[in-house]
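One-letter residues, chain by chain:
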Amino acid sequence: GSRTLPNTFGVLASSLATAAWLEGRHQAALSTLTVGTVIFRFDLLLLLAPLTLLVAARRQLPLATIAATGIGSGAAALLPTLLLDSLLWRRPLWPEGEVLLANTVGNMSANYGTSPAGWYFYSALPRALSLAYPLALASL
């Protein structure tokens, strides 16, 4: 669907951020995830939030630096997407914010359909994981 491109860029942002974090470049990791969250996939927040808490709890960056990185990166990402997307769509628009509101407040994600809980185990996961699925089950 129409979310393929943001999903791809979201994976790229999370991969780059993970690499930065593993290299000890915590500020770069937080900045990359913040930009990816604001522009491409708001659900990257599920990775950004615990990573931010971990960096703060371990005192790997001062709290002021963490806050400045989040605010600065967020604003630096939000401004261009607001300007460009508003210009292209001819109305004020933050695409990722609109998706977030539609799926959470408007509960429009239900329009995409749902499957029984077991479907994920007998259909989606085996197709997605291929060879890794039997190996994961064997590891239990």
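To be clear, the structure that these remarks concern was listed above.
Procedures and definitions
- Residues numbered from 1 in each chain as written.
- Predicted model: local features only at pLDDT ≥ 70, side-chain atom pairs only at ≥ 80, totals over all residues.
- Heavy atoms only, no water.
- Helix = DSSP H or I, 4+ residues; strand = E, 2+ residues; numbered from the N terminus.
- Rg over C-alpha atoms; globule rule 2.2 N^0.38 Å.
- Buried < 20%, exposed > 50% of the residue type's maximum accessible area, 1.4 Å probe, protein only.
- Contact = heavy atoms within 4.5 Å.
- Areas by Shrake-Rupley, 256 points an atom, 1.4 Å probe, with all protein chains shown as cover.
- Salt bridge = Lys/Arg side-chain N within 4 Å of Asp/Glu carboxyl O.
- Core = buried A, V, L, I, M, F, W, Y, C linked by side-chain atoms within 4.5 Å.
- Patch = residues over 30% accessible without salt bridge, like charges linked within 9 Å, V, L, I, M, F, W, Y side chains within 5 Å.
- Phe/Tyr/Trp six-rings, centres within 6.5 Å; stacked < 30°, edge-to-face > 60°.
- Axes fitted to C-alpha atoms, helices over the stretch in contact; angles between N-to-C directions.
- Parallel < 35°, antiparallel > 145°, perpendicular 65-115°, else oblique.
- Nonpolar A, V, L, I, M, F, W, Y, C, P; charged D, E, K, R; others polar.

Q: Quick question: what am I supposed to make of the overall build of the protein here?
A: Counting its secondary structure elements, the protein contains seven helices and zero strands. If you list the helices and strands of the protein from N to C, you get α-α-α-α-α-α-α. Against the compact-globule benchmark of 14 Å for 140 residues, the protein has a radius of gyration of 18 Å, which places it well outside the compact range. Principal axes of the C-alpha set define a box for the protein whose edges measure 45 × 45 × 25 Å. Counting all 140 residues of the protein, 24% fall into the buried class. When contacts within the protein are restricted to residue pairs at least 6 apart in sequence, those whose partners lie at least 24 apart make up 48%. Here the protein has roughly 9400 Å² of accessible surface; of this, 70% comes from carbon and sulfur atoms.

Q: Looking at this structure, how should I read the pattern of salt bridges?
A: Close approach of charged atoms allows side chains of opposite charge to pair. Applying the stated criterion across every chain yields a total of three salt bridges. With its nearest N and O atoms 2.9 Å apart, the salt bridge here joins glutamate 23 to arginine 25. Take arginine 25: its relative accessible area is 43%, and that puts it in the partly exposed class.

Q: When you look at the environment of tryptophan 119 in this model, what are you seeing that I'm missing?
A: Position of tryptophan 119 relative to the elements: it lies in helix 6 (residues 117–129). Discounting chain neighbours no more than four positions away, the residues touching tryptophan 119 are Ala124 and Arg127.

Q: What's the story with the nonpolar core in this structure? I'm lost.
A: One broad rule of soluble globular proteins: the nonpolar side chains tend to lie buried together. Ala13, Ala17, Ala20, Ala29, Leu30, Leu33, Leu44, Leu48, Leu51, Val55, Leu61 and Ile66 together form the largest nonpolar core, which totals 12 residues. Those residues in contact with isoleucine 66 that lie beyond four places of it in its chain are Leu30, Thr52, Val55, Ala56 and Leu61.

Q: Looking at this model, I keep getting lost on unusual backbone geometry. Mind explaining?
A: The phi torsion at arginine 59 lies on the positive side, around 55°, for a residue other than glycine. Within the fold, arginine 59 resides in the loop between helix 3 (45–57) and helix 4 (63–89). Taking relative accessible area as the criterion, arginine 59 reaches 75% and is therefore assigned exposed. In this structure, arginine 90 takes a positive phi of about 60° despite not being glycine.

Q: Got a minute to help me understand a nonpolar patch on the surface in this structure?
A: Judged by side-chain polarity, Leu5, Phe9, Leu12 and Leu16 come together as a nonpolar surface patch covering roughly 370 Å² of accessible area. Examined against the element boundaries, phenylalanine 9 turns out to sit in helix 1 (residues 4–22).

Q: Would you mind showing me how to read the packing of aromatic side chains here?
A: Centre distance and the angle of the planes are the two values used to describe a pair of aromatic rings. Taken as a whole and assessed by the stated rule, the structure comprises two aromatic pairs. Plain terms: the ring middles of phenylalanine 42 and tryptophan 94 are 6.3 Å apart, the flat faces sit at 75° to each other, and that makes the pair edge-to-face. One end of the pair, phenylalanine 42, is in the loop between helix 2 (26–39) and helix 3; the other, tryptophan 94, is in the loop between helix 4 and helix 5 (95–104), with 52 residues separating them in the sequence. You can call tryptophan 94 partly exposed: its relative accessible area is 27%.

Q: Explanation requested: the packing of helix 1 against helix 2 in the structure shown.
A: In a packed pair of helices, the relevant descriptors are the angle between the two axes and the axis-to-axis distance. Helix 2 packs onto helix 1 with a crossing angle of 170° between their chain directions and a minimal axis gap of 7 Å. Classed by the angle they form, the pair helix 1 and helix 2 counts as roughly antiparallel. From helix 1, Ala13, Ser14, Leu16, Ala17, Ala20 and Trp21 reach across to helix 2, where they touch His26, Ala28, Ala29, Thr32, Leu33 and Gly36. For the contact of helix 1 with helix 2, the residue count by class is eight nonpolar, four polar and no charged.

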